[in-house]
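This is what each chain is made of:
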Amino acid sequence: MFAVAQRAVRFRGLLVTLTQRELQARYRGSALGFLWSLVNPLLLTGVYSLVFGWVLTSGGRGFGIEPYAVFLVSGLFPWLWVSGALLEGTASLVSNGALIRKAVFPVELPPLVSVFANLVHFCLALPILAGTLIVSRFLGFEVGGWGALLLPVVVVVQLPMIAGIALALSALNVLFKDVRDLVQNGLTLVFFLAPIIYPLEGVPVSFVATVVRLNPFTPFILACQATLFRGEAPSLEVWGQMLLLSALFWVVGSWLFERLRSTLVEMA
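Residues numbered from 1 in each chain as written. Predicted model: local features only at pLDDT ≥ 70, side-chain atom pairs only at ≥ 80, totals over all residues. Heavy atoms only, no water.

Along the chain, the regular secondary structure elements total 11 helices and zero strands. Computed over its C-alpha atoms, the radius of gyration of the chain comes to 19 Å, within 12% of the 18 Å expected for a compact globule of 268 residues. With 268 residues in all, the chain has 49% of them scored as buried. Between the averaged position of the 16 positive side-chain charges in the chain and that of its 12 negative side-chain charges there is a distance of 10 Å. (Helix = DSSP H or I, 4+ residues; strand = E, 2+ residues; numbered from the N terminus. Rg over C-alpha atoms; globule rule 2.2 N^0.38 Å. Buried < 20%, exposed > 50% of the residue type's maximum accessible area, 1.4 Å probe, protein only. Lys, Arg positive; Asp, Glu negative; His and termini not counted. Charge placed at Lys NZ, Arg CZ, Asp CG, Glu CD.)

An ideal rise of 1.5 Å per residue puts 44 Å on 30 residues; helix 6 (residues 109-138) measures up with 44 Å between its terminal C-alpha atoms. Where helix 6 bends most, at Ala125, the angle is about 30°, and the proline Pro127 comes one to four residues later. Trailing helix 6 by a residue or two, Gly140 shows a phi angle of about 100°, which is positive. (Expected span 1.5 Å × (residues − 1). Bend = angle between axes of the 7 residues up to and from the residue.)

On to the layout of surface pockets. Size it by volume and the largest pocket reaches roughly 430 Å³. Around the largest pocket sit 23 residues that line it, and Leu200, Arg213, Thr218, Leu222 and Val238 are the ones nearest its centre. Mapped onto the lining of the largest pocket, the elements with two or more residues apiece are helix 9 (207-214), helix 10 (218-229) and helix 11 (236-267). Sort the elements by how many residues they give to the lining of the largest pocket and helix 10 lands first, with seven residues. (1 Å grid on protein atoms, 1.4 Å probe; cavity = no way out; pocket = protein on both sides within 12 Å on 5 of 7 lines; lining within 4 Å. Points joined across faces, edges and corners; volume = space filled by probe spheres on them.)

Going through the model one piece at a time under the given rule, you end up with four salt bridges. The closest approach of N and O atoms between Arg7 and Glu258, which form a salt bridge, is 2.7 Å. Remark: Glu258 occurs in helix 11 and Arg7 occurs in helix 1 (residues 2-10); sequence separation between them is 251 residues. The exposure class assigned to Arg7 is buried, which follows from its relative accessible area of 18%. A salt bridge links Glu108 to Arg261; its shortest N-O distance comes to 2.7 Å. Of the two residues, Glu108 sits in the loop between helix 5 (97-100) and helix 6 while Arg261 sits in helix 11, which places them 153 residues apart along the sequence. In this pair, the class of Glu108 matches that of Arg261, namely buried. (Salt bridge = Lys/Arg side-chain N within 4 Å of Asp/Glu carboxyl O.)

With that settled, consider the packing of aromatic side chains. Counted by the stated rule, this structure contains six aromatic pairs. Look at Tyr68 and Phe71: their rings are 6.3 Å apart centre to centre, the planes differ by 35°, and that puts the pair in the tilted class. One end of the pair is Tyr68 and the other is Phe71, both in helix 4 (residues 68-95) and three residues apart, which spans about a single turn. Phe71 shares its class with Tyr68; the two are buried. Here Trp79 and Phe217 contribute two aromatic rings whose centre-to-centre distance is 5.5 Å and whose plane-to-plane angle is 85°, an arrangement assigned as edge-to-face. On the criterion of sequence distance, the pair formed by Trp79 in helix 4 and Phe217 in the loop between helix 9 and helix 10 is long-range, its members being 138 residues apart. Accessibility assignment for this pair places Trp79 and Phe217 in one class, buried. (Phe/Tyr/Trp six-rings, centres within 6.5 Å; stacked < 30°, edge-to-face > 60°.)

Structural measurements only, silent on function.
So, in C-alpha cells, the structure goes:
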C-alpha cells in the first residue's frame, strides 16, 4: 500500500511525462485534437437528454427535474472520467508490456497514467459544465452556486479510489486477459445502477433501490450533483462514505497490485 504510493511520488516527474505523452499520442493526426474532450461529452449529453429527458418520460420533464440536461451533466461528466480511467487502466500493463520489462521502470505507472490522462479530459470538459450552469441561471433556473467550488475536493477524495481500482484491474488483466471485457460490461451495469440519469429519490423502495444505494460510486455521484447542480456542499454522511470507500479501495487495490507485482513483468 505505502510502497506503491511512495514509488508514485518518487517517480512523479516520469508520471507527468508519460501522461503528457499519452494525451499527445491519443489525438495525434486528429483534426479536432483535444476538442474531442468536449465533443464526446456533448454528444452523450445530447443523446441521454433526448432519450431519458423526453422520450422515456411523460411530457418531456426528465423525471421532474429542471433543467434535466444540467442534472445529467453534473453526474455524467465525472462518470466519463471514472469509466475511461478504469477501462484504459485495465489494459495499460498489457499494452505497455515492452516498457514495463525494463528493469528500472516502475510498473505501477501505466495504470496511474490512465487515471490522470482521463482526469485531464474531465478538466477540459469543465467549461461546458460552467457554461451550462451560467446559461441555466440566466434562464431563471436555480442551479449551481458557490458549492461548485468544492468539486476539486470531491475529485481529490475520489482519486485514490479510482487509482486503487485501476491498479488492481491492470494486474488481474495480466493474469486473465478477459478481465477487460468483464470490466467493460460491468461499467455499463454500474452506470445504470448509479443515480446519474435519474435522481436517487426517484428510485422506488425495492431491491433495486438498495443496490443503487450500495453502489460504491453513488456517494461520489451525489457529491458531484450537490456541488454542481444544487450548488451546495455534500452532506457529512456523503463525505464520510466517500472518504471510507476511497481509502478502502486504495488499500485493497494497491495491496493486490503489490502481491502480484513479481509476476507482472514476466507475464505482461
